[in-house]
Amino acid sequence: MTGNQPASLEFALKARRTLGAVFDQTDGLVAQGLMILAYYMSGQAEADKTMYYLQLARKMCQHLDTRSSDYYMLILMTIGLASPHHEEKLEVFTELKMRLEPLLSNTITPA
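Summary of the structure given here. (Residues numbered from 1 in each chain as written. Predicted model: local features only at pLDDT ≥ 70, side-chain atom pairs only at ≥ 80, totals over all residues. Heavy atoms only, no water.)

**A word on the overall build of the chain**
We apply this condition: Numbering goes from the N terminus for both helices and strands, where a helix is a DSSP run of H or I of at least four residues and a strand is a run of E of at least two. Only protein chains enter the calculation, and the probe is 1.4 Å; a residue is then buried if its accessible area is under 20% of its type maximum, exposed if over 50%, and partly exposed in between. Contacts between residues were defined by any pair of non-hydrogen atoms, one from each residue, lying within 4.5 Å. Where accessible areas are quoted, they stem from the Shrake-Rupley method and a 1.4 Å probe; at the residue level, only the protein chains shown are allowed to cover.
Broken down by element type, the chain carries five helices and zero strands. Reading the chain from its N end, one meets helices and strands in the order α-α-α-α-α. Buried residues in the chain amount to 33% of all 111 residues. Within the chain, contacts between residues separated by at least 24 positions form 51% of all contacts whose residues are at least 6 apart in sequence. Entry remark: accessible area of the chain is about 7,300 Å², with carbon and sulfur atoms responsible for 60%.

See below:
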């Protein structure tokens, strides 16, 4: 990982403390915070923690029924790319395809 290591570590620790304070709240902003923390953990080569935060964010979005949100689709893409499990990759990319197909079918195609 490149960049300012002490600053990024400080940010991550503050983010974890903040999320700890609101962890039991089911909220879209908390889900987005979990996703950002997953990105940080990915940069630190913490695969288990990355997947843990992504799965929490995904479950929170599902509970909130925000499956059509941009950040839910971003969570799915990230899980699909980061997961070491073939079955999980297939599951999330299948869901992502299902959610994107209606959007793609409404695009204007050149004549």
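**Comments concerning the nonpolar core**
To be explicit about the condition: In plain words, nonpolar cores are sets of buried Ala, Val, Leu, Ile, Met, Phe, Trp, Tyr and Cys residues tied together by side-chain atoms within 4.5 Å.
Leu34, Tyr53, Cys61, Tyr71, Ile75 and Ile79 are the most contacted members of the largest nonpolar core, which has 23 residues in total. Here this core gets eight residues from one element, more than from any other, and that element is helix 2 (residues 28-43).

**Focus on the packing of helix 3 (residues 47-64) against helix 5 (residues 86-105)**
To describe two helices that pack against each other, one gives the angle between their axes and the distance between the axes. Our working definition: Angular values range over 0 to 180 degrees, each being the angle between N-to-C directions of two axes fitted as lines to C-alpha atoms, with helices fitted over their stretch in contact. Rotating anticlockwise by less than a right angle from the far helix to the near helix defines a left-handed crossing, while the corresponding clockwise rotation defines a right-handed one. Residue classes follow a fixed rule: Ala, Val, Leu, Ile, Met, Phe, Trp, Tyr, Cys and Pro count as nonpolar, while Asp, Glu, Lys and Arg count as charged, and any other residue, Gly among them, counts as polar.
With their axes 15 Å apart at the nearest point, helix 3 and helix 5 run at an angle of 35° to one another. Two packed elements cross with a definite hand, and for helix 3 against helix 5 that hand is left-handed. Contact residues: helix 3 offers Met51, Gln55 and Arg58, while helix 5 offers Glu88, Glu91, Val92 and Glu95. Of the residues in the contact of helix 3 with helix 5, the class split is two nonpolar, one polar and four charged.

**Regarding the pattern of salt bridges**
This is how the line gets drawn: Salt bridge, as used here: a side-chain nitrogen of Lys or Arg that lies within 4 Å of a carboxyl oxygen of Asp or Glu.
The tally for this structure, following the rule as stated, stands at four salt bridges. In this structure, the salt-bridge partner of glutamate 95 is arginine 99, at a minimum N-O distance of 3.1 Å. With glutamate 95 and arginine 99 both in helix 5 and four residues apart, the pair spans about one turn of that helix. Classification of glutamate 95 as buried rests on a relative accessible area of 13%. Residue arginine 99 is classed as partly exposed on the basis of its relative accessible area, which comes to 23%. Lysine 97 serves as the salt-bridge partner of glutamate 101, at 3.6 Å between the closest nitrogen and oxygen. Residue glutamate 101 and its partner lysine 97 are located together in helix 5, separated by four residues, close to a single helical turn. Through salt bridges with shared partners, a single ionic network connects Arg58, Glu91, Glu95 and Arg99.

**A closer look at the environment of aspartate 65**
As for its placement among the helices and strands, aspartate 65 is situated in the loop between helix 3 and helix 4 (70-82). Spatially, the C-alpha atom of aspartate 65 lies 10.0 Å from that of glycine 28, the residues being 37 residues apart in sequence.

**Structural notes on the side chain of threonine 50**
The following threshold applies: Polar contact is defined as a pair of N or O atoms within 3.5 Å, subject to the rule that within protein one atom must be able to donate a hydrogen and the other to accept it, and that residues adjacent in sequence are counted only when both atoms are side-chain atoms.
The topology assignment puts threonine 50 in helix 3. According to the relative accessible area criterion, threonine 50 is buried, its value standing at 5%. Reaching out from threonine 50, the side chain makes a polar contact with the backbone nitrogen of serine 42 at a distance of 2.9 Å. Those residues in contact with threonine 50, other than ones at most four positions away along the chain, are Ala38, Met41 and Ser42.

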